[in-house]
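# Remarks on the overall topology
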Amino acid sequence: MNSSPHNPLQSALLFFGLLLVVAGCITIQPEPEPEDLTIEYLMTLSDQELMDRDSDGDGLSDYDEMYIYGTDPLNPDTDGDGLSDYDEIFVYGTDPLTKDTSGNGFTDGQEVEMGTNPIDPDDPPFIRSYELQPVSFPFGKAEPDGSALEILDQNRQKLLYAEMFRVEVIILTNDSELKADDDSLFDERADRVMAYLVDGGVSKERVDFIFEPVSFSECPEDAIDENESCPEIRLVKFIPINPYTFYPEY
Ligand SMILES: [Ca+2]
Ligand SMILES: [Ca+2]
Ligand SMILES: [Ca+2]
Ligand SMILES: [Ca+2]
């Protein structure tokens, strides 16, 4: 009979028993499911643990996001502009906390998609629809007067600046100006506008004309002038044609 306390079987049982007691005393926090991760949870981790993990998979460690860049460690695109936090910082040099780093109305993601420079406010050169002013020609004449020339010149400058843009020139001619069966006034005005733009450096492939006769009856009564004509419907309008996928948000 052997009642030695050093029986190997008893020792092993004692060891595993102790192990179970110890394991029961240590409460190991399981890693939360990805959707249950919170900043509060991350705050309980050590610096080293934060450096070793990248919860949102954007290529920046949780530590760098929380303590260096100020980005959201649980969102790969903190500002929601379509570019990841990592790409903004290390690829494009844009601000991961601002949708539109250059402040020109296009988001950083839109600029990357368009191939323009997201940190240059002058890229892309852009003409907003209200920036080309309508020109009013003198009654019955194809020759622009001084104020018409001034506006034509401003429009020309904008077209030279934004060289990707085309322009639609809508020639509205009020029927009281048109002689019977003669619409040459349309053509003459179009010729003058085209000559002015082309001589000023805008290629003629960028310019399209649309001719629209407008009935005198559409003139508001208080807009009728001394010629019994209507400057409001005797206009040449310039519509910039946006060559880009997006229009600026502001
Ligand atoms: Ca990250
Ligand atoms: Ca992030
Ligand atoms: Ca972003
Ligand atoms: Ca951004």
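Structure: see above.
Residues numbered from 1 in each chain as written. Chains lettered and ligands numbered in written order. Predicted model: local features only at pLDDT ≥ 70, side-chain atom pairs only at ≥ 80, totals over all residues.

Time to look at the nonpolar core. Counting 22 residues, the largest nonpolar core has V135, L159, V167, V169, I233, L235 and V236 as the members making the most contacts within it. When contributions to this core are tallied by element, the ones reaching two or more residues are α7 (146–161), β2 (166–174), α8 (184–199) and β4 (235–241). Tallying contributions element by element places β2 first for this core, with four residues. (Core = buried A, V, L, I, M, F, W, Y, C linked by C-beta atoms within 7 Å. Buried ≥ 20, exposed ≤ 12 C-beta atoms within 10 Å, placed from the backbone. Helix = DSSP H or I, 4+ residues; strand = E, 2+ residues; numbered from the N terminus.)

Looking at the element boundaries, S102 is found in the loop between α5 (85–92) and α6 (108–114). Along the sequence, S102 and I119 sit 17 residues apart, while their C-alpha atoms lie 4.7 Å from each other. For S102, the residues in contact, after removing those within four places along its chain, are P118, I119, D120 and P121. (Contact = placed C-beta atoms within 7 Å.)

This part is about helix α4 (residues 62–69). Within α4 the residues assigned to the buried category are D62, Y63 and E65. Considering only its buried residues, α4 is in contact with α2 (39–43), α3 (47–51) and α5. Residue G70 follows α4 closely and has a positive phi angle near 70 degrees.

A few words on unusual backbone geometry. Across the junction of D123 and P124, the peptide omega takes the value 0 degrees, indicating a cis bond. Tracing the chain through its elements places P124 in the loop between α6 and β1 (135–136).

Before going further, it helps to spend a moment on the sheet that holds strand β3 (residues 207–214). The strand order across the open sheet built from four strands is β1-β4-β2-β3, with neighbouring strands paired in mixed fashion. Looking at strand neighbours, the two that pair on one side only are β1 and β3, the edges of this open sheet. For β2 and β3, the ladder comprises eight bridges, and the chain directions are parallel. Paired with V167 across the bridge in β3 is V207. Packing against the sheet, α8 makes contact with β2, β3 and β4, and its axis sits at approximately 150 degrees to β2. (Pairing = 2+ DSSP bridges. Axes fitted to C-alpha atoms, helices over the stretch in contact; angles between N-to-C directions.)

The subject of this paragraph is the environment of E212. Tracing the sequence through the fold places E212 in strand β3. When the C-alpha positions of E212 and I170 are compared, they lie 7.0 Å apart, and in sequence the two are 42 residues distant. In this structure E212 touches I170, I171 and L172, once residues within four positions along its chain are discounted.

Inspection of the sheet shows β1 paired to β4 by two bridges, in the antiparallel sense. By the bridge assignment for β4, S136 is matched with L235. Pairing of β2 with β4 involves six bridges; the strand directions are antiparallel. Counted as the bridge partner of I171 is V236 from β4.

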